[in-house]
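# Notes for the structure review
In case you want the letters, here they are:
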Amino acid sequence: MGVLGTISEVLEASTESANRGGGTGDDSKGAYWCHDCSERIRDVDVEGEGPPDCSNCGEPMEFERSAASTGCAC
C-alpha cells in the first residue's frame, strides 16, 4: 500500500471515533457553561439530575456538546 492509502486509512479511522482529538475515554458528551461568567463544568463531573447552578452567579448553566463528539454542535 502506498503513502496515500496509509494516510486515507488514518484519516478514516480518526473521524469514526467520538473520542477523537485527545479524548480521555470517560464518555463525556459535553459540558455545562455559564456564558456570563465563562464558568465550565464537564458533564461527567456533575452529580444529580438537571443542569448545575453556576458557582459564581448562581444561575442555571447551559449544556453544550463537546467539539470532540461526532457531528456538528452548531
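Look a little higher up for the structure.
Okay, so let's go over this structure. Because the structure is a prediction, the values reported are computed rather than measured.

Now for the sheet that holds strand E1 (residues 30-34). Whenever strands of a sheet pair, they do so through backbone hydrogen bonds, lying parallel or antiparallel. A sheet is described by the order of its strands in space; here three strands give the open sequence E2-E1-E3, paired in antiparallel fashion. Single-partner strands in this sheet number two, and they are strand E2 (39-42) and strand E3 (62-65). Here the average twist between neighbouring strands, direction ignored, is 30°. The pairing of E1 with E2 spans four bridges and is classified as antiparallel.

Another point: a nonpolar patch on the surface. On the surface, Val3, Leu4, Ile7 and Leu11 cluster together to form a nonpolar patch covering roughly 430 Å² of accessible area. Note on placement: Leu4 falls in helix H1 (residues 3-16).

Now for the environment of Arg65. As for its placement among the helices and strands, Arg65 is situated in strand E3. Taking the C-alpha atoms as reference points, Arg65 and Lys29, separated by 36 residues in sequence, lie 5.8 Å from one another.

Conventions and cut-offs
- Residues numbered from 1 in each chain as written.
- Predicted model: local features only at pLDDT ≥ 70, side-chain atom pairs only at ≥ 80, totals over all residues.
- Heavy atoms only, no water.
- Pairing = 2+ DSSP bridges.
- Helix = DSSP H or I, 4+ residues; strand = E, 2+ residues; numbered from the N terminus.
- Axes fitted to C-alpha atoms, helices over the stretch in contact; angles between N-to-C directions.
- Patch = residues over 30% accessible without salt bridge, like charges linked within 9 Å, V, L, I, M, F, W, Y side chains within 5 Å.
- Areas by Shrake-Rupley, 256 points an atom, 1.4 Å probe, with all protein chains shown as cover.
- Salt bridge = Lys/Arg side-chain N within 4 Å of Asp/Glu carboxyl O.

Worth remembering: the numbers are spatial, not functional.
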